There are 2 protein chains.
Amino acid sequence: LRLKLTIQYDGTDFSGWQFQPGLRTIQGLLQDAVSAVEEVPTIVHGAGRTDAGVHALGQVGHVDVLKQHDPDTWVRAINAHLDRDVQVMAVSQVPDSFHARRSAIGKAYRYQVWTGAAVSPLVRHYVAHSRVRLDLERMREAARVLVGKHDFEAFTVTDRETKTTVRDLRRLEIVEEGDSLLSIQAEANGFLRAMVRTLAGTLMAIGDGRLELGSIEAALRERRRDLAGPTAPAAGLTLLRVDY
Amino acid sequence: LRLKLTIQYDGTDFSGWQFQPGLRTIQGLLQDAVSAVEEVPTIVHGAGRTDAGVHALGQVGHVDVLKQHDPDTWVRAINAHLDRDVQVMAVSQVPDSFHARRSAIGKAYRYQVWTGAAVSPLVRHYVAHSRVRLDLERMREAARVLVGKHDFEAFTVTDRETKTTVRDLRRLEIVEEGDSLLSIQAEANGFLRAMVRTLAGTLMAIGDGRLELGSIEAALRERRRDLAGPTAPAAGLTLLRVDY
């Protein structure tokens, strides 16, 4: 039977989601943990491959198992084999037609930017640091240009697996959380590789004046990566939710 | 001239506040950092000595310096010599009569308890874990008994430096933050050693039924440590604020 796993992780000490022999990856640890409970090798399929250093509060995976346990027992049994920086928060049984990646109809990410002079030690692994104050009004104007169904080729890296670079960016908002923390919140039907980090890097470059608004329109129109902003650091990014 | 420092730290990898030769302490790192900027040895006096593993979002210290810089320059210069898990968030000049510990008129702490089956990896260093659901109504009744001016000898550890064990606990509240996180918030004119952790451990023991309400009244009245609950783990505790 097929299980849906809701997964959280602190990506700081991981080489990303995807299994790679000899490296500490989230998929690798999860597969080892589920396999230990199942007593046979298993494959955990994720909704998406987060990069090294990226975090998750709502990653989703699926796995096929033979044993029968209630959801709470599964949570406890899998976590007993996991480190504290990756945990299964919930387990539910789903139909065999459910696929963590293919069934997903949307995803939500946040990208956190610390704007104060000193970064709070308690969030240091979960933010990028901007050493200058950012112009929120300019960033919000830029976000309004980016929202919508566009070809986001300028906001990704080359990836031969991707058939189309058109995505529907349903939401891109900049939320102030206290004096020194910005949360860039992005929702789409799906994201291209490095897309949220490039959107965040572009908004930050708009906010500190390195980039002009016109450049974003040109980047979308001409699909030229060099017209968009830099890819922001992985640490600021957290996968919040996968929708089905 | 005298500087007031507002300090944050993630206590996870520290042997507490107080300088001890050969150990990684917050006071030790701060003194090294200020001394490096001053180019002469300095002593940083803290508002209180937090234990190993305890965090701070608003610890306060004072230090006497000879150099003249504006506050932002001080912040940047000191932090340039600090690790990312301890940072000076603000610096201001204060009169020579200001003393971080003796001038304090109150302190605020929070103690965080995770009550879900799996602890969220992103807060794992900042919470204690209760494996059973806690009865909030019972905990709030207990908190009402504890609030006020009492002899808290039953809620501390022996400390010869302490003249009186009477403290005015002005606030003790249990705030739900989402589904699985409780924040026990405590404010007093001052706290005894391990007092917040013993208050938290007592409230948790009340919440999960290990301790009866009557035991708290008896602990206060008879000043017997064995009638209060256990000392809760350091990781859940964060010094939020020192008032002057």
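In this report, the structure presented in the accompanying data block is examined.

Conventions adopted
- Residues numbered from 1 in each chain as written.
- Chains lettered and ligands numbered in written order.
- Predicted model: local features only at pLDDT ≥ 70, side-chain atom pairs only at ≥ 80, totals over all residues.
- Heavy atoms only, no water.
- Helix = DSSP H or I, 4+ residues; strand = E, 2+ residues; numbered from the N terminus.
- Buried < 20%, exposed > 50% of the residue type's maximum accessible area, 1.4 Å probe, protein only.
- Contact = heavy atoms within 4.5 Å.
- Least-squares fit on C-alpha atoms with pLDDT ≥ 70 in both.
- Salt bridge = Lys/Arg side-chain N within 4 Å of Asp/Glu carboxyl O.
- Axes fitted to C-alpha atoms, helices over the stretch in contact; angles between N-to-C directions.
- Parallel < 35°, antiparallel > 145°, perpendicular 65-115°, else oblique.
- Left-handed = near helix turned anticlockwise from the far one by under 90°.
- Nonpolar A, V, L, I, M, F, W, Y, C, P; charged D, E, K, R; others polar.
- Pairing = 2+ DSSP bridges.

## Examining the side chain of Asp10 of chain B
Part 1 of the reasoning: Note on placement: Asp10 of chain B falls in the loop between strand S1 (2-9) and helix H1 (26-38).
Part 2 of the reasoning: The exposure class of Asp10 of chain B is buried, given its relative accessible area of 3%.
Part 3 of the reasoning: In this view, Asp10 of chain B contacts Pro121, Leu122 and Arg124 of chain A together with His55, Asp85 and Tyr126 of chain B; residues no more than four positions away in its chain are not counted.

## A look at the relation of the copies chain B and chain A
Both copies of the chain are related by a screw-like operation: a rotation about an axis and a shift along it.
Part 1 of the reasoning: The two copies are related by a screw motion: chain B maps onto chain A through a turn of 180° and a shift of 0.0 Å along the axis, at an RMSD of 0.0 Å. Both copies of the chain, as the preceding transformation shows, are related through a two-fold rotation axis.
Part 2 of the reasoning: When the interface residues of chain B are mapped onto chain A, 100% of them again lie at the interface, so the same face is used by both copies.

## Topic: the pattern of salt bridges
Part 1 of the reasoning: One pass over the full model with this rule turns up 33 salt bridges over all chains.
Part 2 of the reasoning: In this structure, Glu39 of chain A and Lys67 of chain A form a salt bridge, with 2.5 Å as the shortest nitrogen-oxygen distance. Residue Glu39 of chain A is found in the loop between helix H1 (26-38) and strand S2 (45-46), and its partner Lys67 of chain A is found in the loop between strand S3 (55-64) and helix H2 (71-79); the two are separated by 28 residues along the sequence.
Part 3 of the reasoning: Between Asp51 of chain B and Arg197 of chain B there is a salt bridge whose closest N-O contact spans 3.2 Å. In this pair, Asp51 of chain B is assigned in the loop between strand S2 (45-46) and strand S3 (55-64) and Arg197 of chain B in helix H4 (residues 195-207), connecting sequence segments 146 residues apart.
Part 4 of the reasoning: Relative accessible area serves as the criterion here: at 27%, Asp51 of chain B is assigned to the partly exposed category.

## A short note on the packing of helix H3 (residues 136-146) of chain B against helix H5 (residues 213-222) of chain B
Residue and element names in this part refer to chain B.
Part 1 of the reasoning: Look at H3 against H5: their axes get within 10 Å of each other, and the N-to-C directions meet at 15°. Regarding the angle of H3 to H5, the classification is roughly parallel. When the axes of H3 and H5 are compared, the crossing they make is right-handed. The residues of H5 that touch H3, namely those facing Arg138, Glu141, Ala142, Val145 and Leu146, are Leu213, Ile216, Glu217 and Leu220.
Part 2 of the reasoning: When the residues that make up the contact of H3 with H5 are grouped by side-chain class, the tally is 6 nonpolar, no polar and 3 charged.

## Some thoughts on the pairing of strand S10 (residues 237-243) of chain B
Residue and element names in this part refer to chain B.
Part 1 of the reasoning: Where S3 lies against S10, 2 bridges are found, and the strand directions are parallel. Directly across from His55, in S10, lies its bridge partner Thr238.
Part 2 of the reasoning: Here 6 bridges tie strand S5 (residues 106-114) to S10, and the two strands are oriented antiparallel to one another. Residue pairing across strands places Ala108 opposite Arg241, the latter belonging to S10.

## Focus: the environment of Ala142 of chain A
All names here are of chain A.
Part 1 of the reasoning: Within the secondary structure, Ala142 sits in helix H3 (residues 136-146).
Part 2 of the reasoning: Ala142 sits in the buried class, given a relative accessible area of 0%.
Part 3 of the reasoning: Here the alpha-carbon distance between Ala142 and Thr202, two residues 60 residues apart in the chain, equals 8.8 Å.
Part 4 of the reasoning: With sequence-adjacent residues up to four places away left out, Ala142 is seen in contact with Leu203, Ile206, Leu213 and Ile216.

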